[in-house]
Amino acid sequence: MHGDEDAQATGLARLGAAELGASPGRRASLVQFSSAFCQPCRATRRILADVAGLVEGVEHIEIDAEARLELVRALGIEKTPTVLVLDADGRIVRRAVGMPRKADVIAALGAAI
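Residues numbered from 1 in each chain as written. Predicted model: local features only at pLDDT ≥ 70, side-chain atom pairs only at ≥ 80, totals over all residues. Heavy atoms only, no water.

K.L.:
Explanation requested: the sheet that holds strand S2 (residues 58–64) in the structure shown.
P.N.:
Hydrogen bonds between backbone atoms are what pair the strands of a sheet, whose relative direction is either parallel or antiparallel. Taken in spatial order, the four strands make up an open sheet running S2-S1-S3-S4, and their pairing is mixed. Here the strands that pair on one side only, and so sit at the sheet edges, are S2 and strand S4 (92–97). Neighbour to neighbour, the strand axes of the sheet diverge by 15 degrees on average, direction disregarded. Relative to S2, strand S1 (residues 28–34) is paired through seven bridges, and the arrangement is parallel. Within S2, the position partnered with Ser-29 by the bridge is Glu-59. Against the sheet, helix H2 (residues 39–54) touches S1, S2 and strand S3 (82–87), its axis set at about 170 degrees to S1. Contacting S1, S2, S3 and S4, helix H4 (residues 102–112) crosses the sheet at an angle of about 35 degrees to S3. (Pairing = 2+ DSSP bridges. Helix = DSSP H or I, 4+ residues; strand = E, 2+ residues; numbered from the N terminus. Axes fitted to C-alpha atoms, helices over the stretch in contact; angles between N-to-C directions. Contact = heavy atoms within 4.5 Å.)

Okay, structure coming up:
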């Protein structure tokens, strides 16, 4: 998972419940952008839900990219699945495109909490 230096440039330096459509985690959030016919999105959903279940205060939030096009464009999301790791303040600390490995998600959470 790679750092996202251009989150500030999007005008969305922080993502909260209003942008996410759900309450963020107390310590961190794993935000997944998915689409209906995306096969890797299903496996990504399982991996992120698994990790969120292991780490207290971490929430997995899945966003339908097709239903939230304005947010997708604002964040420069081009493919699904795209995963954003947010810290407790809603700042994007890591970004990954494609299905992540569980170990990589856990390591990326280390940068957020």
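Next comes the rest of the description.
K.L.:
I tried to follow the pattern of salt bridges on my own but got confused; where do I start?
P.N.:
In a structure, side chains of opposite charge can pair up when their charged atoms sit close to one another. In the structure shown here, the tally under the stated rule is six salt bridges. Here Asp-50 makes a salt bridge to Lys-102, at a shortest N to O gap of 2.8 Å. With Asp-50 in helix H2 and Lys-102 in helix H4, the pair connects residues that are 52 residues apart, well separated along the chain. Residue classification places Lys-102 among the partly exposed positions, given a relative accessible area of 33%. In this structure, Arg-91 and Asp-89 form a salt bridge, with 3.2 Å as the shortest nitrogen-oxygen distance. On the basis of relative accessible area, Arg-91 is assigned to the partly exposed category, the value being 31%. Given a relative accessible area of 43%, Asp-89 falls into the partly exposed group. (Salt bridge = Lys/Arg side-chain N within 4 Å of Asp/Glu carboxyl O. Buried < 20%, exposed > 50% of the residue type's maximum accessible area, 1.4 Å probe, protein only.)

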